[in-house]
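Observations on chain architecture
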Amino acid sequence: MSLFHVIGFGLKAGQLIWMSCWWIVSVISMNWFINGGLMDAKTGLLGGDGKISLNWREKVSGKISKIQHQYDHLFGSKKISNALWRKLLYTWVLCATMFSLWIFLYMSSQAIEKRKETLASMCDERARMLQDQFNVSMNHVQAMSILISTFHHGKSPSAIDQITFARYTNRTAFERPLTSGVAYAVRVLHSERAEFEKQQGRPIRRMDTLEQNPVHKDDFDPEVLEPSPIQEEYAPVIFAQDTISHVISIDLLSGKEDRENVLLARASGKGVLTAPFRLIKTKRLGVILTFAVYKIDLPSNATPDERIQATAGYIGGVFHIQSLVEKLLQQLASKQNIVVNVLDTTNQSHPISMYGSDEADDALEYVSTLNFGDPFRKHEMRCRFKQKPPWPWLAITTAYGFLVIAMLIGHIFYATVNRIAKVEDDYHKMMELKKRAEAADVAKSQFLATVSHEIRTPMNGVLGMLHMLMHTDLDVTQQDYVRTAQASGKALVSLINEVLDQAKIESGKLELEAVQFDLRAILDDVLSLFSGKSQEKGVELAVFISDRVPEKLIGDPGRFRQIITNLMGNSIKFTEKGHIFVTVHLAQEVMDSLDVETESSSKNTLSGFQVAERRLSWAKFKTFSQEEHVRPYPSSTYDPIILIVSVEDTGVGIPFEAQSRVFTPFMQVGPSISRTHGGTGIGLSISKCLVELMNGEIGFVSIPNVGSTFTFTAVFNNGCSNLNEYTSQQMNNQSNSANLEFEGMNAVVVDPRSVRAKVSKYHVQRLGIQVEIVSDLNQVLSSLKSRNPRIDMVLVEEEVWNNDSDLSVLSVDQLRRSDQKVPPKLFRLAKSISSTRSDNVTSDAHSPAVIMKPLRASMVAASLQRTMGNVGNKGNCRNGEVSRLSLQHLLLGRKILIVDDNKVNLKVAAGALKRYGAEVVCAESGKEAISLLTPPHSFYACFMDIQMPGMDGFEATKTIRDMEKSVNRKIKLGEVSAEAHGNVLNWHVPILAMTADVIHATHEQCMKCGMDGYVSKPFEAEQLYREVSRFS
Amino acid sequence: MERNNQLQRQVALMRQSLFDQGYLDEQFVQLEELQDDTNPNFVEEVVTLYYRDSARLIASIEQALDKSPLDFNKLDSYMHQFKGSSSSIGGRKVKTECSQFREYCRTGNGEGWQDKQGPEVQLLAPHRKKKRDSAHNSFC
């Protein structure tokens, strides 16, 4: 029972602990508690406790971040919350300690109570049994008194004698378990003494002496006792049980104890007990129960006197308390280690011990009263445990366990708080560091931008001064120095521009424009940029654009050109022999032909050199892994067009170990590279950023000493069906005008190498010429005769020409003698200046006209024109001629305004621009320019002098821009119809500053005023072209 | 015809000598290149314009120089114009002198001008001749 109780208490305590745990947890994180903690708490309380602790720990560790997050919300500042946590912790520890103490006290008091109860119940049980047995014995003794009165006094002669009595009592001894013997004494008055003594044959003896001179039990002889002195009456024992037969004839009234007893018994008519005393023979502690035997049946309300008169004798039972109690206790539960004392407490101040010893040292005592049926005597039983109470181990362990758990929780709590504080500290530190790092980054960018800017301004001065210096009186050496200095300065400026670009991209300030542009024209320009270098090196440069790429695209042509220029610049820098091949396809197209295009892996490349596998360079592109891009061609008008552009070269390649950092800014393959090839290594990184801005990807594959192939994708919009019909129409007109003259002609390209032939075909086809490819000259000759459509021109690859000069000569003759009215013209496609020159020397007579590679539509057209004599252009193939042609291509039919106060300058500039086919309008002041440029107008561009009297160029430009803005806004708002303004939705006429003063007219100042660029006076064809082409 | 040829040769020689002495630069060649069938008298027109303009400018400059104190700003703007015209036409020496003149103007150095005045004015003489010749050249 007690075990159950303890378990119950333990559960209660456990529940309490868990409840307090949940309380704390809920304080830490209300949110968490609401979300899941409550549920867990419920299940935890209902279910086992091992599971919860696991859950709990998990939750705590899992939610620490959350807690930390809330922490800020819950408690404002760190200090306050720290102090709060500390207080909470101390409170918790204090509470836990007090609670465990309380548990200990409670449990030990419970144990003591239990002990007491146990003792009391045991004691009561013993007392009751003792009392019961005593009463049984007493009743029997009383019954015996009735027996004697009936059979001894009621009959005459007596039916009982000593022998009968002894036998009877012996046989009924089991009825009186507590008595060691019974005896009967008869009342004898002094008058009857003699008669009685005679009748019995023995004198009445006295007891006193016996008491005074105790004798040994064995040789106890009643005969030695003195005869009783003369008394008023006597009570000699006549019958006695065998066990106490020695008391026969002893006068009970002579014993002090017995006398009182006897007198009391006969007066009250009830059983009377003596105080415990030493028995005569055994000298053991005993009590004697005495009943009076009356001669007549007395009523219950008889007076003591009547009772005394009626008394016939006295029956006494000897109770041998000590042995009896022992017997009883042994009979009960020998296991119980309790000490029992039986006391006679009739005299309160001197209780007489009847049984037991004081050997027990336990303070705990229980007293139960005994009622032996004698109203005059009081007895009680005192019980104690033999041993001291055991240590309350359960209480100790429970309390200690609780304390340990509470401390552990406290520790966890403390550790958590500490950790939170630490994490928070770290977090703040990190934030601080992050802020600092960001600030440093911003500072770096700013520094870079500022420094670049600041370098650019004086650099412009340096360049301008160098430019001016070049025009002073210098000898050859000095001029060489100046030229070198200027070249270096230009390189530095371009580097600074690149760095600025990088900084812009990094700070996200770079935005792409979306204007319509002609991809083919751009590639032609880029090609022309590199043509000089490639011709010098003897590297073949070629561009191929797929037919499926639309004529017009919408995007940022400037940036696109920058990427291409970067890649091509790198290629040309690192390529000494072989070729550089730029291909532009639709991504769609490439995907379709992925399986077909296996031939390229062989030696069938542009120059016959092995190249890096192009396809590998885009292997990682996402564009090709996404299925959504697969849609049938042709795409609808506004669909994005994904171009894939590859630049393939046969250069030195990139070492494998350096390939990973190719796109990292300022990372070059090695320090020696920058020494030999120059450059900063920033170009590719900028290209990558730009490509990403165009939603494309860039990748490359490179094999050292074989070559590299860079491929990128870019997303543009199709510009073919643009609203801006005005511009596109003009463009078409203009491009057509160059090509019309060749429309419908037929050409044969002689080239055994299919890739190269394809490129040649592409460029010639752009002029509207039908092209057929054959692999050698013989085929040309044979086809000349058989073919029906006449052949206007034969383009022979230089390689073919040189390899078989005999056949070449022959074929030239053949061609000349051909029966057509106009014999087909023969052209040689040469890739380098050196080869051209040498050939010129050897075979002047038969030498056909040369078309220099790289092939470009305009260049091809010019060469054809020259040879075929259609136009009376001055027919030399100088570089200036090339740019002039392209400029003409660019400016033909365009209306251009020139503003300058200096008439001479005006005239010269007008002449220069007219030379390129432009329609020139002159204005002599800023105000005039403003009136001319008020929308709507049809000017394609404006060149503006900066230093003018009255209104200078900057001011005029500002005014014009303001005007344009207001018109644009009106159109946008619908206040003015677009038709009234020439169908142009966004007015922005390119204004180019024109100045001889390179120092003051810095680029920035021009830009600030809304100008789009500047050209230095006097016009240089190249510069003019560059600036104007930016707006084509 | 022969006389014409002779004249032409003379003019060519004169032109070459002007180049050799550094009076003219490539800009003049470019100017010549600009002259074609559509615009046959371009060089002549330009040169005539230049002289007319220059004469006016030089007169203004002389006027300004007579004033005292000198108005450097005004002088500078005149010189700027003069320099612009000269550089357009390819008059290298005049342009160089103009630049220097402007430099002096900027520093407010009146004396510098006094030194330069001589050569400057002298310079104009061959110029005129050349220009006229070249104009004549164009006529033929």
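Residues numbered from 1 in each chain as written. Chains lettered and ligands numbered in written order. Predicted model: local features only at pLDDT ≥ 70, side-chain atom pairs only at ≥ 80, totals over all residues. Heavy atoms only, no water.

1. Brief notes about the overall build of chain B
- Helices and strands together make up the secondary structure of chain B, namely six helices and zero strands.
- In chain B, the succession of α and β elements from N to C terminus is α-α-α-α-α-α.
- Of all 140 residues assigned to chain B, the portion counted as buried reaches 46%.
- A fraction of 63% describes how many contacts in chain B between residues 6 or more apart in sequence connect residues 24 or more apart.
- As displayed, chain B offers around 7,500 Å² of accessible surface, 48% of which is attributable to carbon and sulfur atoms. (Helix = DSSP H or I, 4+ residues; strand = E, 2+ residues; numbered from the N terminus. Buried < 20%, exposed > 50% of the residue type's maximum accessible area, 1.4 Å probe, protein only. Contact = heavy atoms within 4.5 Å. Areas by Shrake-Rupley, 256 points an atom, 1.4 Å probe, with all protein chains shown as cover.)

2. Details of the nonpolar core
- Counting 53 residues, the largest nonpolar core has L519, F560, M568, L643 and F712 of chain A as its most contacted members.
- If you look at the next biggest cluster of nonpolar residues, it comprises 46 residues, including F134, L289, I321 and L328 of chain A. (Core = buried A, V, L, I, M, F, W, Y, C linked by side-chain atoms within 4.5 Å.)

3. Structural notes on the packing of helix α14 (residues 557-574) of chain A against helix α18 (residues 683-693) of chain A
Residue and element names in this part refer to chain A.
- Look at α14 against α18: their axes get within 9 Å of each other, and the N-to-C directions meet at 145°. Every pair of crossing elements has a handedness; the one defined by α14 and α18 is left-handed. Residue-level contacts link R559, Q562, I563, N566, L567 and N570 of α14 to G683, L684, I686, S687, L690 and V691 of α18.
- Split by residue class, the contact of α14 with α18 holds six nonpolar, five polar and one charged. (Axes fitted to C-alpha atoms, helices over the stretch in contact; angles between N-to-C directions. Left-handed = near helix turned anticlockwise from the far one by under 90°. Nonpolar A, V, L, I, M, F, W, Y, C, P; charged D, E, K, R; others polar.)

4. Re the state of the cysteines
Residue and element names in this part refer to chain A.
- For the structure shown, the criterion picks out one disulfide over all chains.
- With its sulfur 2.0 Å from that of its partner, C123 forms a disulfide with C383. What sets the handedness of the C123 and C383 disulfide is the S-S torsion sign, and at about 85° it is right-handed. Taken together, the residues span a long stretch of sequence, with C123 in helix α4 (residues 78-153) and C383 in strand β12 (residues 379-385) at a distance of 260 residues. Here C123 and C383 have matching classes, each one buried. (Disulfide = S-S within 2.5 Å.)

5. With respect to the interface of chain A and chain B
- The interface of chain A with chain B comprises 21 residues on the first partner and 26 residues on the second.
- When the buried surface of chain A facing chain B is broken down by residue, H471, V904 and K907 of chain A rank first, second and third, together holding 25% of it.
- Along the contact surface separating chain A from chain B lie one salt bridge.
- K907 of chain A serves as the salt-bridge partner of E45 of chain B, at 2.6 Å between the closest nitrogen and oxygen.
- If you look at where chain A meets chain B, you find one residue pair in polar contact (both at pLDDT 80 or more).
- In terms of residue count, the dominant contributor to the side of chain A that touches chain B is helix α27 (residues 903-915) of chain A (eight residues). (Buried area = accessible area lost by both parts, 1.4 Å probe. Salt bridge = Lys/Arg side-chain N within 4 Å of Asp/Glu carboxyl O. Polar contact = N/O pair within 3.5 Å; in protein donor to acceptor, adjacent residues only side chain to side chain.)

6. Remarks on helix α10 (residues 321-331) of chain A
Residues and elements named next belong to chain A.
- Listed in full, the buried residues belonging to α10 are I321, L324, V325, L328 and L329. Along the axis of α10, the buried residues cluster in a sector spanning 130°; they form a single face. Seen from the buried face of α10, the exposed residues on the opposite side, beyond 90 degrees, are K327, Q330 and Q331. (Arc of directions from axis to C-beta.)

7. Considering helix α13 (residues 519-537) of chain A
Residues and elements named next belong to chain A.
- The end-to-end C-alpha distance of α13 is 26 Å, a good match for the 27 Å that 19 residues give at a rise of 1.5 Å each.
- Roughly 45° is the biggest bend found in α13, and it falls at F530.
- One side-chain oxygen at the N-terminal end of α13 lies 3.1 Å from the backbone nitrogen of R520; it belongs to D518.
- With its phi angle positive at about 75°, G538 sits one or two positions after the end of α13. (Expected span 1.5 Å × (residues − 1). Bend = angle between axes of the 7 residues up to and from the residue.)

8. Considering the sheet that holds strand β20 (residues 746-750) of chain A
Residue and element names in this part refer to chain A.
- Here five strands make up an open sheet; going across it, the order is β21-β20-β22-β23-β24 and the pairing parallel. The sheet is open, and its two edges are formed by β21 (770-774) and β24 (849-852), each paired on a single side. The sheet shows a mean angle of 25° between the axes of neighbouring strands, direction not considered.
- Of the pairings in the sheet, the one linking strand β22 (residues 793-797) to strand β23 (residues 825-830) comprises five bridges and is parallel in character. In the sheet register, M793 faces β23, and the bridge partner there is K825.
- Against the sheet, helix α20 (residues 754-765) touches β20, β21, β22 and β23, its axis set at about 165° to β21. (Pairing = 2+ DSSP bridges.)

9. Here we look at the pairing of strand β15 (residues 552-555) of chain A
All names here are of chain A.
- Residues K552 and I554 line one face of β15 and the alternating positions L553 and G555 line the opposite face, and both faces are buried.
- Two strands pair when backbone bridges link them, and strand β13 (residues 515-518) and β15 are joined in this way by four bridges, in the antiparallel orientation. Bridging across to β15, V515 finds its partner in G555.
- Where β15 meets strand β19 (residues 707-718), two bridges bridge the pair, whose relative direction is antiparallel. Considered in β19, the bridge of I554 is made with N717.

10. Re the side chain of D25 of chain B
- Tracing the backbone through its elements, the reader meets D25 of chain B in the loop between α1 (2-21) and α2 (26-34).
- If near-sequence neighbours (up to four positions away) are discounted, D25 of chain B is found in contact with H471 of chain A together with F19, G90 and R92 of chain B.

11. As for the environment of Q21 of chain B
- Along the chain, Q21 of chain B turns up in helix α1.
- Each C-alpha atom, one on Q21 of chain B and one on K93 of chain B, is 9.2 Å from the other, the two residues being 72 residues apart in sequence.

12. Some points on the packing of aromatic side chains
Residues and elements named next belong to chain A.
- Enumeration over the complete set of coordinates arrives at 16 aromatic pairs over all chains.
- Ring centres of F165 and F239 lie 5.4 Å apart, and the angle between their planes is 25°; this geometry places the pair in the stacked category. Residue F165 is found in helix α5 (residues 162-171), and its partner F239 is found in strand β4 (residues 237-240); the two are separated by 74 residues along the sequence.
- Exposure remark for F165: the relative accessible area of 1% places this residue in the buried category.
- Taking relative accessible area as the criterion, F239 reaches 4% and is therefore assigned buried.
- Feature note: the residues F99, W102, Y106 and F402 constitute an aromatic cluster, connected by ring pairs.
- Here K688 stacks its cationic end above the ring of F663, 5.4 Å away from the centre of that ring.
- In this structure, K895 packs its charged tip against the face of F939, placed 4.8 Å from the ring centre. (Phe/Tyr/Trp six-rings, centres within 6.5 Å; stacked < 30°, edge-to-face > 60°. Lys NZ or Arg CZ within 6 Å of the ring centre and 35° of its normal.)

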